[in-house]
Amino acid sequence: MTVAVTGATGQLGRLTIARLKTLLPAGEIVALARNPEKAADLGVEARAFDYDRPETLAAALQGVDRLLLISSSEVGKRAAQHRAVIEAAKAAGVGQIVYTSLLHADRSPLSLAEEHVATEAMLAASGIPHAILRNGWYAENHTGAIPAALAHGTLIGAAGEGRISAAARADYAKAAASVLADGGHAGQTYELAGDDGWTLAELAAELSAQSGKAIPYRNLSQQDYAAALTGAGLPEGLAGAIASWDAGAAQGALFDDSRTLSRLIGRPTATLAEVVRAAL
């Protein structure tokens, strides 16, 4: 049996392959990457896999039994890129696809949802057995702001009192590796999120406790948060998108209390204290 992982040199891809190597022989794992030389340190076979060269994808998937399609990082191009992968997988005879989607994609107000819903529909139409992993927020999306919060003495955002059921990227990687290696999850859609949701004010309080500095949370309007991000150097489009996702979180878009992720990985997800500690 051969399993393959797209986006293998990305943050989630690397963690997933590391986990897969504890479940399967390295010789059964293929890393698919735009620049396969960047996958040399993964210890598995690496193949060139460029979403924007669809004519080359089927050849790269020859002999692959199960494929983990990690959603593309290029928002706005995802649907077309994912379509190319799914069509190539069908042409190559891939037996199963596992896809990383978005938490509650079918009802999420987040702008990210549209391309995930489109991809889920493509998978359904393809006839290829598949499983959907609707990943919630990565804790790192918010702990990545810790250096700036420490530097400026304030954590800012626009999520209000919305609870965010974020989980560490490593937890999502463990779930993806388990589902891919097991192969018995076709037809399933899993809503994956951290066990215990937290607010950005609680994140600030935990950061304060661990850093020994008073770091309050300052809630901004969506527009003011976007402006602050732009002022910090982010492109205007990205800043606006991030601010809109925070606004979605304020309405509950990033909350889930099903604990499906912890059941899949066989242990509790990383706590807020643990993810903050890892970021310091």
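Digging into the pattern of salt bridges
Inference 1: Scanning the model with the defined rule gives 14 salt bridges in all.
Inference 2: The salt bridge involving Asp41 is made with Arg14; its shortest N-O contact spans 3.0 Å. On the criterion of sequence distance, the pair formed by Asp41 in the loop between strand E2 (29–33) and strand E3 (45–48) and Arg14 in helix H1 (residues 11–20) is long-range, its members being 27 residues apart.
Inference 3: Residue classification places Asp41 among the exposed residues on the basis of a relative accessible area of 57%.
Inference 4: Judged by relative accessible area, which is 29%, Arg14 ranks as partly exposed.
Inference 5: The salt bridge partner of Glu55 is Arg53, with a shortest N-O separation of 4.0 Å.
Inference 6: Owing to a relative accessible area of 45%, Arg53 belongs among the partly exposed residues under this scheme.
Inference 7: A network of salt bridges, in which partner residues are shared, links Arg34, Asp50, Asp52, Glu74 and Lys77.

Some points on the pairing of E2
Inference 1: Counting buried positions along E2 yields five of five residues, so the element is predominantly enclosed.
Inference 2: Neither face of E2 is open: one carries Ile29, Ala31 and Ala33, the other Val30 and Leu32, and all of them are buried.
Inference 3: The parallel pair strand E1 (residues 3–5) and E2, bridged by H1, forms a crossover whose chirality is right-handed.
Inference 4: Taken together, the four bridges between E2 and E3 define a ladder with parallel strand orientation. From the neighbouring strand, Leu32 faces E3, where its bridge partner is Arg47.

Describing the environment of Lys21
Inference 1: Mapped onto the fold, Lys21 is located in the loop between H1 and E2.
Inference 2: Sequence-wise, Lys21 and Ala181 are 160 residues apart; in three dimensions their C-alpha atoms are separated by 10.0 Å.
Inference 3: For Lys21, the residues in contact, after removing those within four places along its chain, are Ile29, Leu42, Gly43 and Val44.

Here's the deal with the pairing of strand E4 (residues 66–69)
Inference 1: In E4, alternate side chains face the same way, and those of Arg66 and Leu68 on one face and Leu67 and Leu69 on the other are all buried.
Inference 2: With three bridges connecting them, E1 and E4 associate as parallel partners. If you follow Ala4 over to E4, its bridge partner there is Leu67.
Inference 3: Bridge analysis of E4 against strand E5 (residues 96–102) gives four bridges, and the strand direction is parallel. When the bridges of E5 are listed, Leu67 appears paired with Ile97.
Inference 4: Taken together, E4, helix H3 (residues 78–92) and E5 form a β-α-β motif whose crossover is right-handed.

Some details on the packing of aromatic side chains
Inference 1: As enumerated under the stated definition, the model contains three aromatic pairs in all.
Inference 2: An angle of 80 degrees between the planes, with centres 5.8 Å apart, marks the rings of Trp137 and Trp245 as edge-to-face. In this pair, Trp137 sits in the loop between strand E6 (130–135) and helix H5 (140–143) while Trp245 sits in helix H10 (residues 236–250), placing the two residues 108 residues apart along the sequence. Here Trp137 and Trp245 have matching classes, each one buried.
Inference 3: Ring geometry for Tyr138 against Tyr172: centres 5.1 Å apart, planes inclined by 80 degrees, an arrangement best described as edge-to-face. You can see Tyr138 sitting in the loop between E6 and H5 and its partner Tyr172 sitting in helix H7 (residues 169–182), a full 34 residues away along the chain.
Inference 4: Residue classification places Tyr172 among the buried positions, given a relative accessible area of 1%.

Reading the values: the criteria
- Residues numbered from 1 in each chain as written.
- Predicted model: local features only at pLDDT ≥ 70, side-chain atom pairs only at ≥ 80, totals over all residues.
- Heavy atoms only, no water.
- Salt bridge = Lys/Arg side-chain N within 4 Å of Asp/Glu carboxyl O.
- Helix = DSSP H or I, 4+ residues; strand = E, 2+ residues; numbered from the N terminus.
- Buried < 20%, exposed > 50% of the residue type's maximum accessible area, 1.4 Å probe, protein only.
- Right-handed = clockwise from strand over helix to strand, strands pointing away.
- Pairing = 2+ DSSP bridges.
- Contact = heavy atoms within 4.5 Å.
- Phe/Tyr/Trp six-rings, centres within 6.5 Å; stacked < 30°, edge-to-face > 60°.

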